[in-house]
Amino acid sequence: MRKIAFTNNRIHKLRGIFIWVLLLSILLVIGYLFMPDEADPTGPNKEELAWMDKPTGSAVYLDGKTIIVSIYMDEDKSTSDGWSDANIKMTQEYMDIAIDYLEDEANRFGCEAELIYDTSENPDLMYFSDMNIIKEGMNDDAAHDVTDSWIEKNIDYLALLEKYDADSIGFMFFMNASGTSWCYPYYPYPDEPEYGYLEKAYIYLYDEYDDYETPATYAHEILHMFGAVDLYTRSKEDGVTKKVIKYVEDTYPRDIMYTVYDENEESVYDHVPCEIGPITAYFIGFTEYCYELKQFPGLKRKDKASYPAYD
């Protein structure tokens, strides 16, 4: 009897040890499964590097799903430079018109473009910054460096891409001043392949004539992010020569990369009075070829919706 009692006692102890080991194993497994992403060396950093390797930059292809983030600069309502609610609302209404136009033009070419931009529906796509790149007299490159750094510090764009299940992202910096709006698209640099991969458009509230910038201008600058080039001025790097400009003037005078005005050279605010012509459609990847490449081989692109022209 004493031997049996000893054996039962030993069995109870072994069972207790087994239960504790089992519980500890379960806790370790749960802890691993719910480990924060920051502890995962294959997480966002790896994803970011892979994204930077794309020749397209952050705004990949217009025939896809893209986030457009609105950033209002110099948000100081105590000065004349501050943004009023009315002006912010107006810029977003012009964005509505510009985006509708781009999506409709994509459909015309048999493509599907989805741009997520509406800050009233998606407030996490609107930001305010106290930057004032105009008063400080920055040139385009310096402004690009400052805004690039600001985005990295203030916008978790990888999280936005994941949240909205988007393919690409672009940034619209709105400036409460007059001037000529411009865009900073991604040009790959052999020595600095990651430089400028965040693509940004800079939109003035007023144009150089102190009239409000038009929805067509918004659409024009957004198209730059996706590979479109200006067709009204020469650019050796992009293959746009004087002959190309004259050809566009004669053949596609309503191309949005040639003009943002109507037939009377007037500004229009309730629609975009232009179209995406065959050359621009080729640049942004809506088509794989355009007839004009035979006549102007310098316009050929090595990669879809990317800069610069073919080597």
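Located above this text is the structure these notes cover.
This one's a predicted model, so the numbers in the text were calculated from it and none came from an experiment. (Residues numbered from 1 in each chain as written. Predicted model: local features only at pLDDT ≥ 70, side-chain atom pairs only at ≥ 80, totals over all residues. Heavy atoms only, no water.)

Enquirer: In this structure, what is going on with the side chain of Asp 148? I would like to understand it.
Expert: Here Asp 148 is to be found in helix H4 (residues 140-154). Asp 148 gets classed as buried once you look at its relative accessible area, which sits at 16%. Dropping the residues within four chain positions of it, Asp 148 is found in contact with Leu 198 and Lys 200. (Helix = DSSP H or I, 4+ residues; strand = E, 2+ residues; numbered from the N terminus. Buried < 20%, exposed > 50% of the residue type's maximum accessible area, 1.4 Å probe, protein only. Contact = heavy atoms within 4.5 Å.)

Enquirer: How should the nonpolar core be read in this particular structure?
Expert: Within soluble globular proteins, side chains that are nonpolar tend to cluster in buried spots. Ranked by size, the top nonpolar core spans 58 residues in total, and within it Met 172, Leu 223 and Ile 256 carry the most contacts. For this core, the secondary-structure elements that each account for two or more residues are strand E1 (65-73), helix H3 (85-108), strand E4 (168-178), strand E6 (200-206), helix H6 (215-225), helix H7 (242-251) and helix H8 (278-283). With 9 residues, H3 is the single largest residue contributor to this core. In this view, Ile 256 contacts Tyr 101, Ala 216, Ala 219, His 220, Leu 223, Val 272, Cys 274, Glu 275 and Ile 276; residues no more than four positions away in its chain are not counted. Within the second largest apolar cluster, 30 residues are counted, among which are Ile 71, Ile 116, Met 175 and Leu 198. (Core = buried A, V, L, I, M, F, W, Y, C linked by side-chain atoms within 4.5 Å.)

Enquirer: Mind showing me how you'd approach the packing of aromatic side chains here?
Expert: Aromatic ring pairs are reported here in terms of the distance separating the ring centres and the angle at which the planes meet. Tallying each qualifying case throughout the model produces 17 aromatic pairs. When the ring of Phe 109 is compared with that of Phe 286, the centres are 5.8 Å apart and the planes differ by 40 degrees; the resulting orientation is tilted. Pair noted here: Phe 109 is in the loop between H3 and strand E2 (114-116) and Phe 286 is in the loop between H8 and helix H9 (292-295), with a separation of 177 residues, a long-range link. You can call Phe 109 partly exposed: its relative accessible area is 23%. Geometrically, the ring pair formed by Tyr 187 and Tyr 307 is stacked, given 4.5 Å between the ring centres and 25 degrees between the ring planes. Separated by 120 residues along the polypeptide, Tyr 187 in the loop between strand E5 (182-184) and E6 and Tyr 307 in the segment after H9 bring together distant segments of the chain. An aromatic cluster of three or more residues is present, and its members are Tyr 72, Trp 83, Tyr 94, Phe 128, Phe 174, Tyr 218 and Tyr 269. The ring of Tyr 61 has Lys 304 lying over it, and the distance from NZ or CZ to the ring centre is 4.5 Å. (Phe/Tyr/Trp six-rings, centres within 6.5 Å; stacked < 30°, edge-to-face > 60°. Lys NZ or Arg CZ within 6 Å of the ring centre and 35° of its normal.)

Enquirer: What is the right way to look at H7 in this model?
Expert: Since the α-helix packs 3.6 residues into each turn, any two residues three or four apart lie on the same face. Here H7 has its buried residues at Val 244, Ile 245, Tyr 247 and Val 248. Relative to the axis of H7, the buried residues are bounded by an arc of 160 degrees and lie together on one face. Those residues of H7 that are exposed and aimed more than 90 degrees away from the buried face are Lys 242, Lys 243 and Asp 250. Where the residues of H7 are buried, they touch H8 and H9. (Arc of directions from axis to C-beta.)

Enquirer: How do you make sense of H4 when you look at a structure like this?
Expert: Over its 15 residues, H4 runs 21 Å from end to end, which matches the ideal 21 Å to within 8%, given 1.5 Å per residue. On its buried face, H4 is in contact with E1, strand E3 (126-129), helix H5 (157-163), E4, E5 and E6. (Expected span 1.5 Å × (residues − 1).)

Enquirer: Quick question: what am I supposed to make of the environment of Met 172 here?
Expert: Following the sequence through the fold, Met 172 ends up in strand E4. Expressed as a C-alpha distance, the spacing of Met 172 and Met 126, which sit 46 residues apart in the sequence, is 9.7 Å. Among residues more than four places away in sequence, those in contact with Met 172 are Ile 68, Val 69, Ser 70, Ile 71, Met 95, Ala 201, Ile 203, Tyr 218, Ile 222 and Met 225.

Enquirer: When you look at the layout of surface pockets in this model, what are you seeing that I'm missing?
Expert: Where empty space is left can be seen by rolling a probe of water-molecule size over the atoms. The volume enclosed by the largest pocket comes to roughly 760 Å³. Residue lining of the largest pocket: 36 residues in total, with His 220, Glu 221, His 224, Asp 230 and Tyr 232 positioned closest to the centre. When residues of the lining of the largest pocket are traced back to their parent elements, those giving at least two are H4, E5 and H6. The dominant element in the lining of the largest pocket, judged by the number of residues it contributes, is H6, at 4 residues. Tallied by class, residues from the lining of the largest pocket come to 16 nonpolar, 10 polar and 10 charged. (1 Å grid on protein atoms, 1.4 Å probe; cavity = no way out; pocket = protein on both sides within 12 Å on 5 of 7 lines; lining within 4 Å. Points joined across faces, edges and corners; volume = space filled by probe spheres on them. Nonpolar A, V, L, I, M, F, W, Y, C, P; charged D, E, K, R; others polar.)

Enquirer: Would you take a moment to explain the pairing of E1 for this structure?
Expert: For a regular strand, side-chain orientation follows a simple rule: the groups alternate between the two sheet faces. Counted residue by residue, E1 has 8 buried out of 9 residues, so it is predominantly covered. Pairing analysis gives 3 bridges linking E1 to E2, with the strands arranged parallel. When the sheet's bridge partners are listed, Lys 65 is paired in E2 with Glu 114. Where E1 and E4 come together, 7 bridges link them in parallel fashion. Pairing of Thr 66 across the sheet is with Ser 168, part of E4. As paired elements, E1 and E3 share 4 bridges and run parallel to each other. Residue pairing across strands places Tyr 72 opposite Phe 128, the latter belonging to E3. (Pairing = 2+ DSSP bridges.)

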